Amino acid sequence: MRVAILREEAGLEPRVAASADTVKRYVGLGAAVFVASGAGLASGIGDSDYEGAGATVVADNEAAVAGADIVLAVRRPAAAALKGANKGALVIAIADPFGHEAALEEIAGTGASLFAMELMPRITRAQVMDVLSSQANLAGYRAVIDASSEFGRAFPMMMTAAGTVPAARVFVMGAGVAGLQAIATARRLGAVVSATDVRPAAKEQVESLGGKFIAVEDEEFKQAETSGGYAKAMSAEYQQKQAALTASHIAKQDIVITTALIPGRPAPKLVSGDMVASMKPGSVLIDLAVERGGNVEGAVPGEVATTANGVKIVGHLNVPGRLAATASQLYAKNLYAFVETLIDKTSKSLAVKWDDELVKATLLTRDGAVVHPGFAPAAPAAEVPAAAAASAEAPSSAA
């Protein structure tokens, strides 16, 4: 059983899919692990660390993939990168399938079974495999650190002989995993924190961390959460009411952090240009949804934009990757926990249970086809014989 660890494309992704610890664990499961040279350097893991854990370091991704039964990556690899893998090899990554149906078809054509880790169901036994949570948690923390770096003042209130420095006011929009960590981090730094979310359960969570909850709490608000714990898309009417409530609140804030994302859809616009213009010079907005279109009007992917009134809009890409060492450590454990369920520990060989709910939820391609119901091509409508069609269209003679 051969496991390949890919080196991500330089400049785009500093994270890596395996740590020295998880390599040791794969070896313990009976796997021969092959790592592309330099795969972990940006995450602080050298080739010698992998070799010390029992892996074989090879020249490049092509050499790592050759004869592989399992291919592990951070981002979905290109179909061409899977050339040389065994037929039916398992490819496990953050697959980003929404809007990339053509790429899924190409990977299906290789015969590989592609799994999307971000589609892991949010159930108890899959908590340790939840890459969205592990990476969003770090993004929320880093958002506050980035905000403090861009903000030209101190976060905590300080009483000095020269006068009192007021605490920074931080407003977090979206109280999911990233938002809650942002609230906790900002509070630890001494800020006065408020937050908003469309999910009713978020109110108690925000208040438990010492934040003030801001939301229009009407009937739509009470029904604004899916069974899986995600936020639902809100009506235009609700969005207008919420925008009116938050507009005056934002004008008083020093820092605004937006985290709102809906799976498979563009990020909702939460902060308008008028709201940005109402903020004081030197204020900072951190848009964690910039890769999906952004929550803040004027956010530029990969840049820190400064408005005419001196407000900074931060649009860093791949925020978890800005903490590559920690992000890789957690992601590698998420991957290992899932891969472990796909291996028979007695025979030390692959034993995928295709009817397992974790497999069915994450499997995108298999046996040359896109099989996930959310991304599989629509089946062509069956042709109806003319006689049958005529019969179906005729009025019934029954009383």
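Time to look at the overall build of the chain. A count of helices and strands for the chain gives 13 helices and 19 strands. The principal-axis extent of the C-alpha atoms belonging to the chain is close to 80 × 75 × 35 Å. The proportion of buried residues among the 399 residues of the chain is 45%. Long-range pairs, those at least 24 residues apart, make up 64% of the contacts in the chain between residues at least 6 apart in sequence. Summed over its atoms, the accessible surface of the chain is roughly 18,500 Å², and 54% of this surface lies on carbon and sulfur atoms.

Attention shifts here to the environment of A32. Assignment of secondary structure puts A32 in strand β2 (residues 32-36). Here A32 is in contact with M1, R2 and V3, once residues within four sequence places are set aside.

Even without being a glycine, N318 presents a positive backbone phi close to 45 degrees. One non-glycine residue, D367, adopts positive backbone phi at about 50 degrees. If you trace the backbone, D367 turns up in the loop between β18 (365-366) and β19 (369-370).

By size, the foremost hydrophobic cluster in this structure holds 64 residues, and its most contacted members are V33, L72, I92, M117 and F338. Top element by residues in this core is helix α11 (residues 324-340). It accounts for 6 residues. Residues contacting L72, with those up to four places away along its chain left out, are V3, A4, I5, L6, A17, Y26, I92, L335 and V339. The next biggest cluster of nonpolar side chains, apart from the first, holds 34 residues, and it includes L180, A195, Y238 and I257.

Here we come to the confidence of the model for the chain. On average, residues of the chain carry a pLDDT of 92, and 92% of them reach 70 or more. Confidence drops under pLDDT 50 across residues 386-399; counting only partners more than four residues distant or on other chains, this segment forms 1 contact.

Each value, and the rule that gives it
Residues numbered from 1 in each chain as written. Predicted model: local features only at pLDDT ≥ 70, side-chain atom pairs only at ≥ 80, totals over all residues. Heavy atoms only, no water. Helix = DSSP H or I, 4+ residues; strand = E, 2+ residues; numbered from the N terminus. Buried < 20%, exposed > 50% of the residue type's maximum accessible area, 1.4 Å probe, protein only. Contact = heavy atoms within 4.5 Å. Areas by Shrake-Rupley, 256 points an atom, 1.4 Å probe, with all protein chains shown as cover. Core = buried A, V, L, I, M, F, W, Y, C linked by side-chain atoms within 4.5 Å. pLDDT = per-residue confidence, 0-100.

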